[in-house]
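A closer look at the structure
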Amino acid sequence: MTIAVSTSPANSISNLSDLVAEIRDEMDDDAYPLDKINRAIGRAEAVFNRELRCPRMETEYVFTTSQEETDLPLDFLQLRSVYAEGSPDNPLTSMSPNGLRQLYRGISGVPMACAIENRRLVIAPVGETTLTILYYARIPALTDSNPTNWLLDEHPDVYLHQVLSILFNKTGDSERAALNLDIATSLLTQINDSGKKNRWGAGPLTPLGVTQVCGARI
């Protein structure tokens, strides 16, 4: 049985320049082309945005609207929750776009439900309200003008090994590519698992009953 273990000095990586230097060191090539490293970092970040869903990605966006549809933030990845501000706050029920329109048919009133369609938030009934959405935000890309982000700050090893898996695959070193991919995949799982534990703690979850949104049950 083979166990993938990271042996890189991840704590020495605090920004993009450190990451590039560590990548070149691991590849035994101090002159490895920077443009290839940057492209690999971009591909790694695409993986992170697909695979990671943890509390550090959660962002709040508050806005007032009287429209049925509102554009979502540019860094939006996935919805966590929506509620209308008030006393008390009113959580909106998440529905499919088709189900929402069949049920409410564009009527006016206090918003009770929402759907995501074409990167827009659709609410129903339609009425002026202040909404707070909690969503998973895209991880800010590493660039010269943005040399660090929360993921590099907290988990530089996942950046390092995901990028190395891409670059070693490109150079034809399948063994080191597979080893680094195994490490990166394990780290991504650990980050997600740790996020779940931090969110819910160790206690058992209490299920809630079924809530009827509107209309009689048929």
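Reference entry: report on the structure contained in this document.

Reading guide: rules and limits
- Residues numbered from 1 in each chain as written.
- Predicted model: local features only at pLDDT ≥ 70, side-chain atom pairs only at ≥ 80, totals over all residues.
- Heavy atoms only, no water.
- Axes fitted to C-alpha atoms, helices over the stretch in contact; angles between N-to-C directions.
- Helix = DSSP H or I, 4+ residues; strand = E, 2+ residues; numbered from the N terminus.
- Parallel < 35°, antiparallel > 145°, perpendicular 65-115°, else oblique.
- Contact = heavy atoms within 4.5 Å.
- Nonpolar A, V, L, I, M, F, W, Y, C, P; charged D, E, K, R; others polar.
- Core = buried A, V, L, I, M, F, W, Y, C linked by side-chain atoms within 4.5 Å.
- Buried < 20%, exposed > 50% of the residue type's maximum accessible area, 1.4 Å probe, protein only.
- Pairing = 2+ DSSP bridges.
- Phe/Tyr/Trp six-rings, centres within 6.5 Å; stacked < 30°, edge-to-face > 60°.
- Arc of directions from axis to C-beta.
- Polar contact = N/O pair within 3.5 Å; in protein donor to acceptor, adjacent residues only side chain to side chain.

1. What about the packing of helix H1 (residues 16–26) against helix H2 (residues 34–51)?
Where H1 contacts H2, the two axes come as close as 11 Å, and the packing angle between them is 110°. Classified by the angle their axes make, H1 and H2 are roughly perpendicular. Contact residues: H1 offers Leu16, Leu19, Val20, Ile23 and Arg24, while H2 offers Leu34, Ile37 and Ile41. Broken down by class, the residue content of the contact of H1 with H2 amounts to seven nonpolar, no polar and one charged.

2. A few points about the nonpolar core
In terms of nonpolar packing, the biggest core is built from 35 residues, with Leu19, Ile23, Phe48, Leu151 and Tyr159 touching the most fellow members. Put simply, the parts of the chain that give this core at least two residues each are H1, H2, helix H4 (150–154), helix H5 (156–171) and helix H6 (174–200). Setting aside its immediate chain neighbours within four residues, Tyr159 contacts Leu19, Ile41, Glu45, Phe48, Ile139, Pro140, Leu142, Asn149, Leu151 and Leu152. Core analysis: the next-biggest nonpolar cluster, separate from the first, contains 13 residues, Val82, Leu121, Ile133 and Tyr135 among them.

3. A look at unusual backbone geometry
The omega angle of the peptide bond from Ser87 to Pro88 is 5°, so this bond is cis rather than trans. Turning to its location among the elements, Pro88 is positioned in the loop between strand E3 (76–84) and strand E4 (90–91). For the bond running from Ala124 to Pro125, omega is -20°, close enough to zero to count as cis. With respect to the secondary-structure elements, Pro125 resides in the loop between strand E7 (120–124) and strand E8 (129–137). The phi torsion at Asn118 lies on the positive side, around 55°, for a residue other than glycine.

4. Let's talk about the sheet that holds strand E6 (residues 113–117)
Hydrogen bonding along the main chain pairs the strands of a sheet, whether they run parallel or antiparallel. Pairing within the open sheet is mixed, and its four strands lie in the order E2-E7-E6-E5. Edge positions in the sheet fall to strand E2 (69–71) and strand E5 (93–94), since each has one partner strand and no second. Sheet strands in contact with helix H3 (residues 97–104) are E2, E6 and E7, and its direction is about 140° off that of E6.

5. Brief notes about the sheet that holds E4
In spatial order, the strands read E1-E8-E3-E4; together these four strands make up an open sheet with antiparallel pairing. Whereas interior strands pair on both sides, the edge strands pair on one side only; in this sheet they are strand E1 (58–65) and E4. When E3 meets E4, the two strands line up antiparallel, connected through two bridges. The residue bridging Ala84 from the neighbouring strand is Asn90, located in E4.

6. Overview of the pairing of E7
Where burial is concerned, most of E7 is hidden: four out of the five residues are buried. Across three bridges, the pairing between E2 and E7 is antiparallel. Bridging from a neighbouring strand, Thr70 pairs with Leu121 of E7. Bridge count between E6 and E7: five bridges; the pairing is antiparallel. By the bridge assignment, Cys114 is partnered in E7 with Ile123.

7. Focus: the packing of aromatic side chains
Under the counting rule described, the total for this entry stands at three aromatic pairs. The interplanar angle of 75° and the centroid separation of 5.0 Å between the aromatic rings of Phe48 and Tyr159 together place this pair among those described as edge-to-face. Of the two residues, Phe48 sits in helix H2 while Tyr159 sits in helix H5, which places them 111 residues apart along the sequence. Residue class for Tyr159 comes out buried when judged on its relative accessible area of 0%. Both rings, one in Phe76 and one in Tyr135, keep their centres 5.6 Å apart while their planes meet at 35°; by these two values the pair is tilted. Of this pair, Phe76 sits in strand E3 while Tyr135 sits in strand E8; the two residues are 59 residues apart in sequence, bridging distant segments of the chain. Given the relative accessible area of 6%, Phe76 is considered buried. A relative accessible area of 4% means that Tyr135 is categorised as buried.

8. A look at H1
Where H1 is concerned, the buried positions are Leu16, Leu19, Val20, Glu22 and Ile23. Mapping the buried residues of H1 onto a view down its axis gives an arc of 165°, with all of them on the same face. Buried residues along H1 sit against H2, H4 and H5. Structurally, the start of H1 carries an N-cap: the backbone nitrogen of Ser17 is 3.1 Å from a side-chain oxygen of Asn15. Asp28 sits one or two positions beyond H1 and adopts a positive phi of about 55°.

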